[in-house]
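Structure at a glance
Below, each chain spelled out in residue letters.
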Amino acid sequence: MEKLLNELSSECKAAYEINCDMETDVSIPDHLKRKSDLGLPNAAENDLLRHFTNLSRKNYALSTAFYPLGSCTMKYNPLINERIAKFESFNMAHPYQPAETMQGILEIMHGLERDLCEVSGMDAFSLQPAAGAHGEFAGLLIIAAHFKAIKEKRHKIIVPDSAHGTNPASAAFAGYETIPLKSEPDGSIDIEKLKEVLTKDVAAIMLTVPNTLGVFEKEIVEISKVCHENGTLLYYDGANLNALMGFARPGDLGFDVMHINLHKTFSSPHGGGGPGSGPVGVKSFLEQFLPVPRVEKKDEKYVLNYKKSKTIGSVKAFMGNFPVILRAYIYIKALGGDGLKNVSAQAVLNANYMLAKFKDKIAVPAGGRCMHEFVLSPKAANGIRTLDIAKRLLDYGYYAPTVYFPLIVEEAMMIEPTETESKETLDKFIEILNKIIFEEAVNEPQKVKDAPVNTPVARLNEVEAARKPTLKWK
Ligand SMILES: *Cc1c(COP(=O)(O)O)cnc(C)c1O
């Protein structure tokens, strides 16, 4: 390290003929020096290559198999996105570069904001939030800023009990009291029950449409009217936008604020917690509160405007998660309006095809039709639970569906096939799931309870893994 620093310091001086701030004779203080051997494995390049290649083969990925993870929209991520994202002009750009030198990047951001407005029916977007949950938080801060500006004291947010856990969490994080609303068995809202909790101190209601049972909220226009008459705003959780594009727009349904999970609907590789992007969109009366910087066009040039007096401030460093923003932009431009509409049509068709194959045999809490995803409630023989079925699916080479969510469905198993899977893939999965539930659970229950056996690690003690994780390699 000392040698490196000294080299750098003389290189720097020679190269720029300037007086670098570095000391010429760099020495690391004794107390910072390691006293014992680090104990790194001593491996040849060849062994190292094999080690990492073999590890990567243990990865489960969309590029190897079907990923029916409900609510996560694990669709095919076009490889053209990756090729363009590798361009040096994008990935070598620096956020401190002057705006004149990144006009192309700003044009893409500005263009994506306009496209998202078109798809969603909102009037303005900020691309800054780094995930859906982060967009929710930003949206709720905007709602708080709005009520502060019009001097109304409202400290409650209504969240249906079918909602994603991030909804009540974001509400609490933004300083609100969460009021749970019991939903109907198909996840929809009963207007009479809503009216009981819709008091004058309710700032907003957070809704997911279609809801987490994959059912479109038929009363949404009436719900929106009732809320607005009470001065309450509507927040749209955009995670299920893959069901609606080109058919309905949250802005037209009466929503005032929303987020879009770019990594879900607009195809970026994601999973295991990132990377994501959760742009927050608003109707025009809330635009002044959007996070800064805003990308604006002035005299044919794009600029970053930090000076907005009513803004909630910045929710992330710089301009957002640009690599995900870029992929979403490419995806939208490649498909166009008709293409996006086709995405939603095919996603809904695929889900209904699967649901139709299951509904006579496996309990389906929300009836016989769905939007882009659906929830099963498998009641298998011999005490086999949904968790066991999900684990057994791993043995057959599938990623497991989302289980035990939404919380309002007993033994829930949530499946979202997405538009990018073929009929053959869906048929094979249907066959295997039926086999586990109706043959193996009946005839070989122990095999299902012991699953998985074909994976690199067998069934984990999940409680212990969460409470006492092993975080060191030795
Ligand atoms: C994924 C999801 C979220 C949270 O989005 P992140 O990008 O994971 O933070 C919120 N609501 C629903 C319904 C979701 O599926």
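Preceding this section is the structure that the text describes.
Now for a look at the structure at hand. Being a predicted model, the structure only gives us computed values, none of them experimental.

Next up on the list: the overall build of the protein chain. If you tally the helices and strands in the protein chain, you get 16 helices and 12 strands. When its C-alpha atoms are laid out on the principal axes, the protein chain stretches across 80 × 60 × 45 Å. When contacts within the protein chain are restricted to residue pairs at least 6 apart in sequence, long-range pairs at least 24 apart make up 69% of them. Computed over 55 positive and 59 negative side-chain charges, the inter-centroid distance for the protein chain is 2 Å.

This part is about the pairing of strand E9 (residues 301-305). Two strands pair when backbone bridges link them, and strand E8 (residues 294-298) and E9 are joined in this way by five bridges, in the antiparallel orientation. Bridge assignment links Glu 296 to a residue of E9, and that residue is Val 303. The turn linking E8 back onto E9 is made up of two residues, and Asp 299 within it adopts a positive phi angle of 45°.

Here we take up the packing of aromatic side chains. Taken as a whole, this structure holds 13 aromatic pairs when the rule is applied. Each ring, one from Tyr 60 and one from Tyr 67, has its centre 5.5 Å from the other, and the planes form 75°; the classification is edge-to-face. For the ring pair Phe 358 and Phe 374, a centre distance of 6.3 Å and an interplane angle of 45° mean the geometry is tilted. Taken together, the residues span a long stretch of sequence, with Phe 358 in helix H12 (residues 322-358) and Phe 374 in strand E10 (residues 374-376) at a distance of 16 residues. Taken as a pair, Phe 358 and Phe 374 share a single burial class, namely buried.

Right, let's get into the layout of surface pockets. Roughly 600 Å³ of volume is contained in the largest pocket. Contributing to the lining of the largest pocket are 18 residues, with Lys 58, Tyr 60, Leu 394, Thr 455 and Pro 456 lying nearest its centre. Here the lining of the largest pocket is built from residues that sort into 10 nonpolar, four polar and four charged. Of the volumes computed, that of the second largest pocket is approximately 490 Å³. Lining the second largest pocket are 31 residues, and of these Cys 72, His 164, His 263, Lys 264 and His 270 sit closest to its centre. Counting residues per element, the ones that place at least two in the lining of the second largest pocket are helix H6 (132-149) and helix H11 (262-265). With three residues, the top contributor of residues to the lining of the second largest pocket is H6.

Take the sheet that holds strand E12 (residues 413-415) next. Reading across the sheet, the three strands line up as E10-E12-E11 and stay open at both edges, with antiparallel pairing between neighbours. Looking at which strands have only one partner, the edges of the open sheet turn out to be E10 and strand E11 (402-403). Both E11 and E12 contribute to a ladder of two bridges, which runs antiparallel. Note on E12: the bridge partner recorded for Thr 402 is Met 414.

What follows is about the environment of Ser 422. Tracing the backbone shows Ser 422 in the loop between E12 and helix H14 (423-443). A sequence separation of 78 residues divides Ser 422 from Ser 344, and the C-alpha atoms of the two residues are 15 Å apart. A distance of 3.0 Å separates polar atoms of two side chains, one belonging to Ser 422 and the other to Thr 425.

In this section: empty space enclosed by the protein. Rolling a probe over the atoms, with the probe sized like a water molecule, indicates the empty space that remains. One pass over the structure, following the stated rule, counts two cavities of 30 Å³ or more. Put simply, the largest cavity is a space of about 90 Å³. Surrounding the largest cavity, Pro 160, Ser 162, Ala 163, Gly 187, Ile 189, Met 206, Leu 207, Thr 208, Val 209, Asn 211, Thr 212 and Glu 217 form its lining. Looking at which element gives the most residues to the lining of the largest cavity, the answer is strand E4 (residues 202-208), with three residues. Of the residues belonging to the lining of the largest cavity, the class tally is six nonpolar, five polar and one charged. In this structure, the second largest cavity occupies an estimated 60 Å³ of space. What lines the second largest cavity is Met 109, Glu 113, Phe 125, Ser 126, Leu 127, Gln 128, Pro 291, Pro 293, Arg 294, Val 295 and Met 319.

This part is about the packing of helix H13 (residues 386-395) against H14. Interhelical geometry of H13 versus H14 gives an angle of 125° and a closest axis separation of 10 Å. Taken as axis vectors, H13 and H14 run oblique relative to one another. Along this stretch, H13 crosses H14, giving a crossing that reads as right-handed. Within the contact between the two elements, H13 uses Ile 389, Arg 392 and Leu 393 and H14 uses Phe 429, Ile 432, Leu 433, Ile 436, Ile 437 and Glu 440. Among the residues forming the contact of H13 with H14, the class breakdown is seven nonpolar, no polar and two charged.

Turning our attention to the pattern of salt bridges. Pairing between side chains of opposite charge can happen when the charged atoms of each approach one another. One pass over the structure, following the stated rule, counts 23 salt bridges. Residue Lys 333 pairs with Asp 115 through a salt bridge whose shortest N-O separation is 2.9 Å. With Lys 333 in helix H12 and Asp 115 in helix H5 (residues 103-120), the pair connects residues that are 218 residues apart, well separated along the chain. Taking the relative accessible area as the measure of exposure, Lys 333 reaches 47% and is therefore partly exposed. Under the relative-accessibility criterion, Asp 115 is labelled buried at 15%. Within the structure, one salt-bridge network assembled from shared partners comprises Glu 113, Glu 287 and Arg 294.

Before going further, it helps to spend a moment on the sheet that holds strand E5 (residues 233-237). The strand order across the open sheet built from seven strands is E1-E7-E6-E5-E4-E2-E3, with neighbouring strands paired in mixed fashion. Here the strands that pair on one side only, and so sit at the sheet edges, are strand E1 (124-126) and strand E3 (177-181). Sheet twist, expressed as the mean angle between neighbouring strand axes with direction ignored, is 25°. In this structure, strand E2 (residues 156-160) lies alongside E3, joined through five bridges in parallel fashion. Residue pairing for E3: Ile 158 is matched across the bridge by Ile 179.

Thresholds, definitions, all that
Residues numbered from 1 in each chain as written. Predicted model: local features only at pLDDT ≥ 70, side-chain atom pairs only at ≥ 80, totals over all residues. Heavy atoms only, no water. Helix = DSSP H or I, 4+ residues; strand = E, 2+ residues; numbered from the N terminus. Contact = heavy atoms within 4.5 Å. Lys, Arg positive; Asp, Glu negative; His and termini not counted. Charge placed at Lys NZ, Arg CZ, Asp CG, Glu CD. Pairing = 2+ DSSP bridges. Phe/Tyr/Trp six-rings, centres within 6.5 Å; stacked < 30°, edge-to-face > 60°. Buried < 20%, exposed > 50% of the residue type's maximum accessible area, 1.4 Å probe, protein only. 1 Å grid on protein atoms, 1.4 Å probe; cavity = no way out; pocket = protein on both sides within 12 Å on 5 of 7 lines; lining within 4 Å. Points joined across faces, edges and corners; volume = space filled by probe spheres on them. Nonpolar A, V, L, I, M, F, W, Y, C, P; charged D, E, K, R; others polar. Polar contact = N/O pair within 3.5 Å; in protein donor to acceptor, adjacent residues only side chain to side chain. Axes fitted to C-alpha atoms, helices over the stretch in contact; angles between N-to-C directions. Parallel < 35°, antiparallel > 145°, perpendicular 65-115°, else oblique. Left-handed = near helix turned anticlockwise from the far one by under 90°. Salt bridge = Lys/Arg side-chain N within 4 Å of Asp/Glu carboxyl O.

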